[in-house]
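Reading the structure
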Amino acid sequence: MSEAQLSVNEGPFRTAREAIDWVVRFIPLAGIKPGLERMERLMELLDHPHRRLKFIHVAGTNGKGSVCAYLTEVIRACGYDVGTFTSPYIESYNERIRLNGVNIPDEDLLKVINKVKPLVDQVAEEFGQPSMFEISTVVAIEYFARTAYPDFVVWETGLGGRLDSTNIVTPLVSVITNIGHDHMEFLGDTLEKIAAEKAAIIKAGVPVVSAVEQPEVVRVVEEAAKAKNSTLYLLDREFRYETISTKENEQTFRFTDTFRDLPDVAISMNGPHQLKNAAVALMTLEVLRQYYALIVEDEDLLRAMKATQWPGRLEMVSQEPRILIDGAHNPEGAESLAAALKGTYSYNRLHFMMGMLTNKNHTGYLRHILPIVDTLILTEPNWLKKTAAEDLAGLAKSLLAECGRHDVEVIVEPDWKTGLEKLKRLTTQDDLAVVSGTLYLIGDVRSWIKHQSDSEKGW
């Protein structure tokens, strides 16, 4: 259906494009607005649609999207309808809200936004303008509750947990993947403070699955679970995994929990961190089996785990030359990316292009990346809060001098398309090119390469 055909008789917007433009205009205007009073009022005005749905609430610093992807794929394979809410998107806004892996159709998105727009305006007068993410959260709930009717909703937090708009729900199970240094201007300047924010998704009596590791973080999560009388399933205590084999596009591991043992699980996503993400997903599925009688046949589970993909995470988007994209944007993400590049991929020289937003720990990120690169191209995403390529270059050169590496070529190219062409020219048959940093850059690069590939094929 063409956009011109997408219209409704009632509501301020005639097309999905108009509706989306209205939602995203509040990124700079409303910014990030922690707090649940606007969400509570919107749910009240909509007659509490979130109470109709069964949520799996996923928080954490890294790995949330991958865990959501595993959960969605497996639950779908077991014959259930699954709604998924994730952020940010890679190519189109509709990716945020999916049913059985399919983006919300434009006509449904238009209908729901037209319904919620007057209510958002009312709440704006009462409590201040809801943010883009708050509006998107409301749209997702309304769509799932009154149009899509999924059996389960895989529900990813946006930022933190305690005051995140997704925390309006009471889930079947809460998941906290890990805790790292990100969004510290909102969540706190220590891992304990960040952990306390994310652990606030734990609800009374609701089981919790987590892969947090640092002792001080484990303590925070344990105390939060105890305070809510929630059973905690912790990695390396109630469940564990053992790596069997690792090669590009296939890793196998043994999974064991308090209920059973899976001796040979295969996944296609790359990097040692994906084994951990997969184990978290498997423990979550086991909790759903034991507490809520989710019917999961091993054959379906194993097939779905291997089939799971997640765009923008160690994704090979070109073979000639080999170009890998990854949305690592904080120190812990960079550490995982570096480990994967060293342990999974073979290459002669590594050419790396990155672009970042201003609110990230660039020093911590670069300390993991600089030791392994031969060329570093600094560029800028098409986004409001981008870090100047020159500033990143200055920091990178200072860190390289610190560690005595004078053989790394540093290239400054603010225009990411020009930077991408330079990256391609540098990358020979035996080399590997990587584009990383903010997902706003990754999404544009992925879409651009895909578009060029389709054009060459005449599609």
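About the cut-offs
- Residues numbered from 1 in each chain as written.
- Predicted model: local features only at pLDDT ≥ 70, side-chain atom pairs only at ≥ 80, totals over all residues.
- Heavy atoms only, no water.
- Helix = DSSP H or I, 4+ residues; strand = E, 2+ residues; numbered from the N terminus.
- Rg over C-alpha atoms; globule rule 2.2 N^0.38 Å.
- Contact = heavy atoms within 4.5 Å.
- Areas by Shrake-Rupley, 256 points an atom, 1.4 Å probe, with all protein chains shown as cover.
- Lys, Arg positive; Asp, Glu negative; His and termini not counted.
- Charge placed at Lys NZ, Arg CZ, Asp CG, Glu CD.
- Disulfide = S-S within 2.5 Å.
- Buried < 20%, exposed > 50% of the residue type's maximum accessible area, 1.4 Å probe, protein only.
- Axes fitted to C-alpha atoms, helices over the stretch in contact; angles between N-to-C directions.
- Parallel < 35°, antiparallel > 145°, perpendicular 65-115°, else oblique.
- Left-handed = near helix turned anticlockwise from the far one by under 90°.
- Nonpolar A, V, L, I, M, F, W, Y, C, P; charged D, E, K, R; others polar.
- Pairing = 2+ DSSP bridges.
- UniProt positions renumbered as here; feature names shortened; annotations may be inferred.
- Domains from an automatic or database assignment.
- Buried area = accessible area lost by both parts, 1.4 Å probe.
- Salt bridge = Lys/Arg side-chain N within 4 Å of Asp/Glu carboxyl O.
- Polar contact = N/O pair within 3.5 Å; in protein donor to acceptor, adjacent residues only side chain to side chain.

**Considering the overall build of the protein chain**
- When you go through the protein chain residue by residue, the secondary structure sums to 16 helices and 17 strands.
- Its C-alpha atoms give the protein chain a radius of gyration of 22 Å, within 12% of the compact-globule value 23 Å for 459 residues.
- For the protein chain, the C-alpha atoms occupy an extent of roughly 60 × 55 × 45 Å along the three principal directions.
- Residue pairs at least 24 apart in sequence account for 73% of intrachain contacts in the protein chain once pairs closer than 6 positions are excluded.
- On the protein chain, roughly 18900 Å² of surface is accessible, and the fraction owed to carbon and sulfur atoms is 47%.
- Positive and negative side-chain charges of the protein chain, numbering 50 and 65 respectively, have mean locations separated by a distance of 2 Å.

**Description of the state of the cysteines**
- Under the defined criterion, the tally for this structure stands at zero disulfides.
- Of all cysteine sulfurs in the structure, the one in Cys78 sits closest to Cys68, which takes part in no disulfide; the separation is 17 Å.
- The exposure class of Cys78 is buried, given its relative accessible area of 16%.

**Describing the packing of helix H4 (residues 64–77) against helix H10 (residues 272–292)**
- Two elements in contact, H4 and H10, have axes whose closest approach is 9 Å; the angle formed by their N-to-C orientations is 45°. Judged by the angle between their axes, H4 and H10 are oblique. Every pair of crossing elements has a handedness; the one defined by H4 and H10 is right-handed. In this structure, H4 uses Ser66, Val67, Tyr70, Leu71, Val74 and Ile75 to contact H10, whose residues at the interface are Gln274, Asn277, Ala278, Val280, Ala281, Thr284, Leu285 and Leu288.
- Looking at the contact of H4 with H10 residue by residue, the classes come out as ten nonpolar, four polar and no charged.

**Topic: the sheet that holds strand E6 (residues 173–176)**
- An order of E4-E3-E2-E5-E1-E6-E7-E8 is seen for the eight strands of this open sheet, with the pairing classed as mixed. On the outer flanks of this sheet lie strand E4 (102–103) and strand E8 (232–234), each paired with one strand and no other.
- Across four bridges, the pairing between strand E1 (residues 55–59) and strand E5 (residues 152–156) is parallel. Residue pairing in the sheet places His57 in a bridge with Trp155 of E5.
- Contacts between helix H6 (residues 132–148) and the sheet are confined to strand E2 (82–85), strand E3 (97–99) and E5, with E3 contributing the most and set at about 20° to the helix.

**Some thoughts on the environment of Glu242**
- Tracing the backbone through its elements, the reader meets Glu242 in strand E9 (residues 239–247).
- Here Glu242 falls in the exposed class, since its relative accessible area comes to 52%.
- Along the backbone, Glu242 and Asn382 are 140 residues apart, and their C-alpha atoms lie at a distance of 41 Å.
- What Glu242 contacts, discounting residues up to four positions off in sequence, is Phe253 and Arg254.

**Quick notes on the UniProt feature "domain: Mur ligase C-terminal" (unreviewed entry) in the protein chain**
- Those residues carrying the UniProt feature "domain: Mur ligase C-terminal" (unreviewed entry) are residues 312–438 in this numbering.
- In residues 312–438, the share of helix is 36% and the share of strand is 28%. The end C-alpha atoms are 10 Å apart.

**Focus: the domain arrangement of the protein chain**
- Partitioning the protein chain into domains gives domain 1 (16–307) and domain 2 (315–451).
- For domain 1 versus domain 2, the separation of C-alpha centres amounts to 28 Å.
- Contacts between the two partners involve 19 residues from domain 1 and, on the opposite side, 22 residues from domain 2.
- Between domain 1 and domain 2 the total buried area reaches about 1700 Å² when both faces are included, carbon and sulfur atoms providing 53% of it.
- Counting the surface domain 1 buries against domain 2, the share from its top three residues, Ile90, Glu91 and Glu248, is 30%.
- Of the charged contacts in the structure, one is a salt bridge between Glu91 and Arg446, with a shortest N-O distance of 2.6 Å.
- Inspection of the region where domain 1 meets domain 2 yields three residue pairs in polar contact (both at pLDDT 80 or more).
- Every element with two or more residues in the side of domain 1 that touches domain 2 is listed here: helix H2 (26–30), E9 and H10.
- Considered class by class, the residues forming the side of domain 1 that touches domain 2 number five nonpolar, nine polar and five charged.

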